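# Structure at a glance
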Amino acid sequence: MRGSRSYTGSSSPSSGADAALPDPLPGEKSRTRSRVKRFFSKLRGKLTKEQARSEIIDERCVCCLDIMPAECLATMPCQHKYCSRCMKQMVLTVISEEGLFPPRCCKLDIPVETILPVLTPKERSFYILKAQEYATPAAERWYCPAATCGRFIPSQHAKSASASQTCPYCSTKICSGCRDLAHSSRGCSPDPGLAAVLEEARIQQWQRCYDCGSMVELVSGCDHVTCRCKAQFCYKCGDPWSACACAASGQRPADFLAVLIGHTKLSRDQEAELSAVVTAILRNERLRDEEAAANAKAKMKGSRRESKRLSQLSIDLLCRDIIL
């Protein structure tokens, strides 16, 4: 046939279906396999992260009520949880007041292992120093007498056999006998500052703690005083609370309350608890009365304002009628 060409032998082209694919290069298989392996590895890691993220449990801080992952909260012995910010604020507040130390939650001491991680290195050192100070009996504590220092001196820095001590912070020399500034005289003279304070306490009728010697002023409340060293005493006589006999039986306010609740006699601790309950009840009643009085005053003020507005509106309407 005219115009047709024929191809024979190996020179004839084969169809697309029958064409053979070229063999891959020697390193192509390994590269492809490694790419597939990396792809599935990344996919597996992403799925693992998503799964872990979905398993995170959010909980609430009992102080600020913020919701955050449970791993960001510190668990107390009572199972309450605090965020690091609230935990740190509580610890820094507690270490400044001996009566509140150590930090507690639900009357259970918070372990040191839970406290220290939320503090800075400087705050940790301060916390440890305060813990040493509060753990030392008040009569055995050493403080620098220098007016510009006054810091607590740990027991390991005090030399028991020496006639004088040296403040580790300001290098002030301290007399081991009177714990005042070191002096050359053999005998220690009475402290004029202490004598002046005791005289002022006598005039103001302050009471001194029988255990640590701290001066206490009762501003309000009953005579049952708890010192910062946790000693309990009577403010009237200064004796320990359990041994106080200032008020005879039947003369205390709690004795009358004991009769009302069916008891004939109360111990000093029961009396203190009952007095605290009564004080709380009276305080709540007073707050409730004050709130009711404030609401009544606000309501009366609002009614006066409304009456004045209506009166002004009536005057305006009357003037308009007259003009018309």
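See the structure above.
Thresholds, definitions, all that
- Residues numbered from 1 in each chain as written.
- Predicted model: local features only at pLDDT ≥ 70, side-chain atom pairs only at ≥ 80, totals over all residues.
- Heavy atoms only, no water.
- Helix = DSSP H or I, 4+ residues; strand = E, 2+ residues; numbered from the N terminus.
- Buried < 20%, exposed > 50% of the residue type's maximum accessible area, 1.4 Å probe, protein only.
- Contact = heavy atoms within 4.5 Å.
- Areas by Shrake-Rupley, 256 points an atom, 1.4 Å probe, with all protein chains shown as cover.
- Core = buried A, V, L, I, M, F, W, Y, C linked by side-chain atoms within 4.5 Å.
- Phe/Tyr/Trp six-rings, centres within 6.5 Å; stacked < 30°, edge-to-face > 60°.
- Lys NZ or Arg CZ within 6 Å of the ring centre and 35° of its normal.
- Salt bridge = Lys/Arg side-chain N within 4 Å of Asp/Glu carboxyl O.
- Expected span 1.5 Å × (residues − 1).
- Arc of directions from axis to C-beta.
- Disulfide = S-S within 2.5 Å.

## Let's talk about the overall build of the protein chain
Counting secondary structure elements, the protein chain contains seven helices and 14 strands. Burial status across the protein chain gives 20% buried among its 324 residues. Intrachain contacts of the protein chain at a sequence separation of at least 6 include 30% that bridge at least 24 residues. Carbon together with sulfur atoms contributes 56% to the accessible area of the protein chain, which is approximately 24,400 Å² in total.

## A word on the nonpolar core
Ranked by size, the top nonpolar core spans 21 residues in total, and within it Met76, Met87, Val91, Ile115 and Tyr127 carry the most contacts. For this core, the secondary-structure elements that each account for two or more residues are β3 (73-75), β4 (81-83), α2 (84-94) and α4 (121-135). The element best represented in this core is α2, accounting for five residues. With residues up to four places along the chain from it excluded, the contact list for isoleucine 115 reads Met87, Val91, Pro103, Ile110 and Tyr127. Val225, Cys227, Ala231 and Phe233 belong to the second-largest nonpolar core, a separate cluster that totals seven residues.

## Details of the packing of aromatic side chains
On inspection of all chains with the given rule, the structure shows four aromatic pairs. Here phenylalanine 101 and tyrosine 127 contribute two aromatic rings whose centre-to-centre distance is 5.5 Å and whose plane-to-plane angle is 45°, an arrangement assigned as tilted. Within this pair, whereas phenylalanine 101 is found in the loop between α2 and β5 (104-105), its partner tyrosine 127 is found in helix α4, the two being separated by 26 residues in sequence. A relative accessible area of 9% places phenylalanine 101 in the buried class. Taken together, Phe101, Tyr127 and Tyr134 form an aromatic cluster joined through their ring pairs. When the ring centre of tyrosine 169 is taken as origin, the NZ or CZ atom of arginine 151, which lies over that ring, is 3.8 Å away. Seen from the ring of tryptophan 142, arginine 179 lies directly overhead, with NZ or CZ sitting 4.5 Å from the centre.

## Thoughts on unusual backbone geometry
A negative phi holds for most residues other than glycine; trans holds for most peptide bonds. That bond from phenylalanine 101 to proline 102 is cis: its omega, 0°, falls within 30 degrees of zero. The phi dihedral of leucine 65 falls on the positive side, at around 65°, and the residue is not glycine. Following the sequence through the fold, leucine 65 ends up in the loop between β1 (58-60) and β2 (67-69). Of the residues examined, leucine 65 reaches a relative accessible area of 51% and is grouped as exposed. One non-glycine residue, serine 171, lies in the positive phi region at around 65°.

## Concerning the pattern of salt bridges
Taken as a whole and assessed by the stated rule, the structure comprises seven salt bridges. Salt-bridge contacts for lysine 88 lead to glutamate 123; the nearest nitrogen and oxygen are separated by 3.5 Å. Taken together, the residues lysine 88 in helix α2 and glutamate 123 in helix α4 connect sequence positions 35 residues apart. Residue class for lysine 88 comes out partly exposed when judged on its relative accessible area of 25%. Residue glutamate 123 is classed as buried on the basis of its relative accessible area, which comes to 19%. For the salt bridge of aspartate 223 with lysine 236, the shortest nitrogen-to-oxygen distance reads 3.6 Å. Placement of the pair is aspartate 223 in the loop between β12 (215-216) and β13 (224-226) and lysine 236 in the loop between β14 (232-234) and α6 (253-260), with a sequence separation of 13 residues.

## What to know about the environment of cysteine 178
Within the secondary structure, cysteine 178 sits in the loop between β10 (173-175) and α5 (192-204). Cysteine 178 gets classed as partly exposed once you look at its relative accessible area, which sits at 31%. For the pair formed by cysteine 178 and aspartate 191, sequence separation is 13 residues and the distance between their alpha carbons is 8.3 Å. With sequence-adjacent residues up to four places away left out, cysteine 178 is seen in contact with His183 and Cys188.

## Topic: the environment of glycine 187
For glycine 187, the position within the fold is in the loop between β10 and α5. Sequence separation of glycine 187 and glycine 177 is 10 residues, and the distance between their C-alpha atoms is 8.7 Å.

## Some remarks on α4
End to end, α4 covers 21 Å across 15 residues, agreeing with the expected 21 Å (1.5 Å per residue, within 8%). Residues Glu123, Tyr127, Leu129, Lys130, Glu133 and Tyr134 constitute the buried set of α4. Around the axis of α4, the buried residues are gathered within 165° of arc, so they sit on the same side. Opposite the buried face of α4, at more than 90 degrees from it, the exposed residues are Pro121 and Ala135. Where the residues of α4 are buried, they touch α2, α3 (112-115), β7 (142-143) and β8 (152-153).

## Points about the state of the cysteines
Under the counting rule described, the total for this entry stands at zero disulfides. Looking at cysteine 105, it has no disulfide partner, and the nearest cysteine sulfur is the one in cysteine 78, 3.4 Å off. With a relative accessible area of 5%, cysteine 105 lands in the buried category.

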